[in-house]
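# Fold and geometry: a report
Below are the chains, spelled out letter by letter.
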Amino acid sequence: MNLFPHIPSYLGTYGSLIQQQLTMALSSVLFGLIVAVPLALLCVRYPRIYPPVVATLTVIYSLPSIALFVLLVPSTGLTQTTVIIPLAFYSLAALVPNIVDGVRGIPEDVRLAAVAMGYTGARRLVSVDLPLAVPPIMAGLRVATVGNISMVSVGTVIGVGAFGALFTAAAQLNRSDLAVTGIICIVALALICDLLLVITQRLLTPWNQRRSR
Amino acid sequence: MNVLSDAWGWLTTASNWHGSDGIPTRFLEHFEYSVEAVLIGALIAFPLGLLTGHTKRGGLVVTSLANIARALPTLGLVVLLVVVIGVKFRAVMIPLVALTVPPILLNTYEGVRNVDPRLTDAAQGMGLRPWQVLWRAEVPAAMPLILTGFQFAAVNAVANTAIAAYSSFGGLGRYIIDGLATTDYGMVAGGAILIVVAAILNLVFFAVLRRVLISPGLQSRERASA
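Keep in mind that what you see is a predicted model, and the values were worked out from it rather than measured.

### Quick notes on the overall build of chain A
Secondary structure summary: chain A contains ten helices and zero strands in total. Across the 213 residues that make up chain A, the buried fraction comes to 43%.

### So, the overall build of chain B
A count of helices and strands for chain B gives ten helices and zero strands. Its helices and strands taken in sequence order, chain B reads α-α-α-α-α-α-α-α-α-α from the N to the C terminus. Projected onto its principal axes, the C-alpha coordinates of chain B cover approximately 65 × 40 × 25 Å. Buried residues in chain B amount to 46% of all 226 residues.

### Quick look at the interface of chain A and chain B
Think of interface size as the accessible area that goes away when the parts come together; that is how it is often given. The interface of chain A with chain B comprises 36 residues on the first partner and 34 residues on the second. Contributing elements (two or more residues each) for the side of chain A that touches chain B: α2 (50–62), α3 (65–76), α7 (134–151), α8 (164–173) and α9 (176–204) of chain A. The element that contributes the greatest number of residues to the side of chain A that touches chain B is α9 of chain A, accounting for ten residues. Its residues placed into classes, the side of chain A that touches chain B shows 25 nonpolar, ten polar and one charged.

### Points about the UniProt feature "transmembrane region" (unreviewed entry) in chain A
Residues and elements named next belong to chain A. The sites that carry the UniProt feature "transmembrane region" (unreviewed entry) are, in the present numbering, residues 20–42, 49–72, 78–96, 151–173 and 179–204. Annotation note: span residues 49–72, helix share 88%, strand share 0%, distance between end C-alpha atoms 28 Å. Regarding residues 179–204, the helix share stands at 100% and the strand share at 0%, and the terminal C-alpha atoms are separated by 37 Å.

### Points about the UniProt feature "domain: ABC transmembrane type-1" (unreviewed entry) in chain A
Under the UniProt annotation, the feature "domain: ABC transmembrane type-1" (unreviewed entry) is placed at residues 18–197 of chain A. Spanning residues 18–197 of chain A, this segment combines 83% helix with 0% strand, and its end C-alpha atoms are found 18 Å apart.

### Quick word on helix α4 (residues 80–104) of chain A
Working note: α-helix, 3.6 residues per turn, so residues spaced by three or four point in the same direction. Here α4 of chain A contains 25 residues, and its C-alpha end-to-end distance of 36 Å stays within 8% of the 36 Å for a straight helix at 1.5 Å per residue. Among the 25 residues that make up α4 of chain A, 19 are buried, leaving the element largely enclosed by the rest of the structure.

### Comments concerning α3 of chain A
Of all twelve residues making up α3 of chain A, nine are buried, and the element is well covered by its neighbours. Taken residue by residue, α3 of chain A has S65, I66, A67, L68, F69, V70, L71, L72 and V73 of chain A as its buried positions. Those residues of α3 of chain A hidden inside the fold are in contact with α4 and α7 of chain A together with α1 (3–11), α7 (130–164), α8 (173–181) and α9 (185–213) of chain B. Positive phi appears at G77 of chain A, one or two residues downstream of α3 of chain A, with a value of about 75°.

### Overview of the nonpolar core
The biggest cluster of nonpolar side chains holds 131 residues, and the ones touching the most others in it are F69, V70, V96, A170 and A179 of chain A together with V78 and V79 of chain B. Looking at this core element by element, the count peaks at 18 residues for α7 of chain B. If near-sequence neighbours (up to four positions away) are discounted, V78 of chain B is found in contact with A91, V92, P95, I163, A164, Y166 and S167 of chain B.

### Some details on the UniProt feature "transmembrane region" (unreviewed entry) in chain B
Residue and element names in this part refer to chain B. Under the UniProt annotation, the feature "transmembrane region" (unreviewed entry) is placed at residues 33–53, 65–85, 145–167 and 187–209. Helix and strand shares over residues 65–85 are 90% and 0% respectively, and the end C-alpha atoms of the span are 25 Å apart. The straight-line gap between the two end C-alpha atoms of residues 187–209 is 33 Å; of that span, 100% is helix and 0% is strand.

### Section: the packing of helix α4 (residues 74–85) of chain B against α7 of chain B
Residue and element names in this part refer to chain B. Relative orientation of the contacting elements α4 and α7 amounts to 45°, with a least axis distance of 9 Å. Relative to α7, the element α4 lies oblique. Judged by the sense of rotation from one axis to the other, the crossing of α4 with α7 is right-handed. Judged by residue contacts, T74, L75 and V78 of α4 engage N160, I163 and A164 from α7. Residues that form the contact of α4 with α7 fall into these classes: four nonpolar, two polar and no charged.

### Side note on the UniProt feature "domain: ABC transmembrane type-1" (unreviewed entry) in chain B
Those places that UniProt annotates as "domain: ABC transmembrane type-1" (unreviewed entry) correspond, in this numbering, to residues 27–205 of chain B. Structurally, residues 27–205 of chain B is divided into 85% helix and 0% strand, and its ends, taken at the C-alpha atoms, are 16 Å apart.

### Concerning unusual backbone geometry
Backbone phi values are negative for most residues with the exception of glycine, while trans is the configuration of most peptide bonds. Residue and element names in this part refer to chain A. Even without being a glycine, A162 presents a positive backbone phi close to 50°. Its place among the elements puts A162 in the loop between α7 and α8. Positive phi is not limited to glycine here, since N174 has a value of about 60°.

### What to know about the environment of A162 of chain B
Along the chain, the position of A162 of chain B falls in helix α7. If we skip the residues at most four places from it in the chain, A162 of chain B touches P64, I66 and A67 of chain A together with G171, L172, G173 and I195 of chain B.

The rules behind each value
- Residues numbered from 1 in each chain as written.
- Chains lettered and ligands numbered in written order.
- Predicted model: local features only at pLDDT ≥ 70, side-chain atom pairs only at ≥ 80, totals over all residues.
- Helix = DSSP H or I, 4+ residues; strand = E, 2+ residues; numbered from the N terminus.
- Buried ≥ 20, exposed ≤ 12 C-beta atoms within 10 Å, placed from the backbone.
- Contact = placed C-beta atoms within 7 Å.
- Nonpolar A, V, L, I, M, F, W, Y, C, P; charged D, E, K, R; others polar.
- UniProt positions renumbered as here; feature names shortened; annotations may be inferred.
- Expected span 1.5 Å × (residues − 1).
- Core = buried A, V, L, I, M, F, W, Y, C linked by C-beta atoms within 7 Å.
- Axes fitted to C-alpha atoms, helices over the stretch in contact; angles between N-to-C directions.
- Parallel < 35°, antiparallel > 145°, perpendicular 65-115°, else oblique.
- Left-handed = near helix turned anticlockwise from the far one by under 90°.

Listed below in structure tokens is the structure:
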């Protein structure tokens, strides 16, 4: 069996499908991250708001994507936005607990040393706290990225599923090769992005090199 | 188009509550698929998680497996299996189980592996046999994490059962797919709301389960950290 068969032209090309898949998956991770960092820092600063925030995120995370997609259609139409919004919320749910744990896990003596060296407020946050919290943040990013890349395909139910369109075509044309190709492309994209994130983490945390090996 | 009034109209139509495609039947189907997927997943993953956690071996395999499973598109698997073997129970259960195994395996492994060694030493010192150490010390101490794993598995099962409707399987996803096919938006939105209700009921069930199964000594810590 040909692993990368000619795909029916109305579905687009491999290039356009890859582009759509990554646009939807990665922009939702990015939006999730942009909201997650300040939200997590608020939770670290005001520990009382953390339990209700986590409870809310757990509920959001448990809502099936297919239901959220179709409920959003009347507001945002059959567009990529409709797919991006729920996935951004899932990313948020994966990221916030990781960032909170990461920042809380910074040893007190490290923080005191930073203060003693004159780091205060925002500067300490950016140059000491967040870099030290990179490993757990990256763990959250990896979960969100891999999950989103795979979940984008459900968007084909509302006509915007990138590689998910191959599954629709496979079901309609009774062609298993299209389904296999779709699965392989999605898993490959997910694992490549995952690998890139692992490499980024290594580059961002050179001090961890020896320990992590 | 008002989503909520359409959905409400559909949900309050008496005829939608009867028969083989009525709401109670679909709800029960959804429940059956999900429960079965979690139970089969547990049969495979729980013993493996206990084994790897207790022996503290195989961590890399467990974590890589979880990562690959996260990348697998359920919709694609269901469609593929339906094209290859037809609309059979296996075609929906294999993808669902593939998604319930990793969270149970990963959390059981992590939970048992990270039990305070002083606790297991104390249990051994009191004369417990290896099996008893596992059942009476490690498993209860790891219970919060184990239940989190089961909860993730159940969340996956409920969400992906909804997706399985795409290939002519039952469950609540049926309403979304059929509603879209017949442009009956009330049915689509009503079905989506029922799926949301099912997902929330699932979380409530696990909140109760945590109260029942987690030993009283760990409950206060659990509440403080939650």
